[in-house]
Amino acid sequence: KIKGNLKDGLEFENIELASLHNFPEDVYIRIQKLYAGFSSVGIDGLNVDIDNARLFLPNVDPVVLTGSFNNSKLNFNTYANLISLNSIQRLIPDLKFPLALTGRFKNIDVFIQGDYKRPNVNGYLEVDTLVYNDFSLVQTPINFDVLLNKKRSQIQITGKVNTKEGSVLSKRTNVKVL
């Protein structure tokens with residue numbers, strides 16, 4: 001269902017986006033409500049409101065996104081019950097992880113806010129398992145508050161990442177953070 005016009009903005013309801021360019025064939029997006037309009041020409045004049053968008057990836061629960069982009073400012077919340085590094089790598093192939101790194105995260109709740117050129121990303125997630133060669137990080141809750149800044153072709157990340165508990169395991173060692 002589509003309402004509106006180019007002058008006042010367009011509102012879409014119950015849409016599904018599949019076979020997206022540069023996305024794996026089995027990934028699709030459903031959006032309950034999407035508004036898009038322009039207050040001026042260019043990215044700074046773009047206004048977008050997204051209500052209940054769900055990104056469907058194979059073998060994991062959907063990633064839920066709600067929020068807005070108005071006057072060059074981001075205000076989004078995304079949640080996922082469970083996501084694997086493999087799913088992230090398939091979705092963003094240019095994101096390079098060490099070959100031997102595998103794992104899953106759960107109870108992910110992330111807020112993306114501020115200027116789109118330097119967004120603040122904060123929230124919470126739990127490392128279910130994160131394995132690199134003989135080392136594992138398990139059952140580790142993490143709070144983070146970071147700023148993303150693009151420098152040339154690289155993303156610079158500054159801020160805090162904290163945990164108060166969890167376990168680091170290797171073949172003959174078990175370190176528990178209490």
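Residues numbered from 1 in each chain as written. Predicted model: local features only at pLDDT ≥ 70, side-chain atom pairs only at ≥ 80, totals over all residues. Heavy atoms only, no water.

On to the overall build of the chain, then. A count of helical and extended segments in the chain gives 1 helix and 12 strands. Beginning at the N terminus, the succession of helices and strands in the chain can be written as β-β-β-β-β-β-α-β-β-β-β-β-β. Each of the three principal axes of the chain carries a C-alpha extent, and together these read 65 × 35 × 30 Å. Out of the 178 residues in the chain, the part that is buried amounts to 31%. By sequence separation, contacts in the chain at least 24 residues apart represent 37% of the contacts at least 6 residues apart. Per element, the accessible surface of the chain, about 11800 Å² overall, is 56% carbon and sulfur. Positive and negative charge centroids in the chain, built from 21 and 18 side chains respectively, lie 6 Å apart. (Helix = DSSP H or I, 4+ residues; strand = E, 2+ residues; numbered from the N terminus. Buried < 20%, exposed > 50% of the residue type's maximum accessible area, 1.4 Å probe, protein only. Contact = heavy atoms within 4.5 Å. Areas by Shrake-Rupley, 256 points an atom, 1.4 Å probe, with all protein chains shown as cover. Lys, Arg positive; Asp, Glu negative; His and termini not counted. Charge placed at Lys NZ, Arg CZ, Asp CG, Glu CD.)

Our focus in this paragraph is the pattern of salt bridges. By the definition in use, this model includes 4 salt bridges. With its nearest N and O atoms 3.8 Å apart, the salt bridge here joins Asp 128 to Lys 106. With Asp 128 in strand 8 (residues 120-132) and Lys 106 in strand 7 (residues 101-115), the pair connects residues that are 22 residues apart, well separated along the chain. Residue classification places Asp 128 among the buried positions, given a relative accessible area of 8%. Ionic contacts of the salt-bridge type, sharing partners, join the residues Arg 104, Lys 106 and Asp 128 into one network. (Salt bridge = Lys/Arg side-chain N within 4 Å of Asp/Glu carboxyl O.)

What follows covers the packing of aromatic side chains. Tallying each qualifying case throughout the model produces 2 aromatic pairs. Between the aromatic rings of Tyr 28 and Phe 56, the centroid separation amounts to 4.7 Å while the plane-to-plane angle is 10°, which identifies the pairing as stacked. Of this pair, Tyr 28 sits in strand 3 (residues 28-38) while Phe 56 sits in strand 4 (residues 46-56), and the two are 28 residues apart along the sequence. Their ring planes at 75° and their centres at 5.6 Å tell us that Phe 69 and Tyr 116 sit as a pair that is edge-to-face. Taken as a pair, Phe 69 in strand 5 (residues 63-70) and Tyr 116 in the loop between strand 7 and strand 8 lie far apart in primary sequence, 47 residues in all. The class for Phe 69 is buried, based on a relative accessible area of 8%. (Phe/Tyr/Trp six-rings, centres within 6.5 Å; stacked < 30°, edge-to-face > 60°.)

Another aspect to go through is the pairing of strand 10 (residues 154-162). For strand 10, the tally of buried residues reaches only 0 of 9 residues, placing the bulk of the element at the surface. Bridge count for strand 9 (residues 135-151) against strand 10 is 9 bridges, and the pairing is antiparallel. In the sheet register, Leu 148 faces strand 10, and the bridge partner there is Ile 157. (Pairing = 2+ DSSP bridges.)

This brings us to the nonpolar core. The biggest cluster of nonpolar side chains holds 29 residues, and the ones touching the most others in it are Ile 31, Ile 50, Leu 55, Leu 57, Phe 105, Ile 108 and Leu 125. At the level of elements, strand 3, strand 4, strand 5, strand 6 (73-84), helix 1 (85-91), strand 7, strand 8 and strand 9 are the ones that each hand at least two residues to this core. (Core = buried A, V, L, I, M, F, W, Y, C linked by side-chain atoms within 4.5 Å.)

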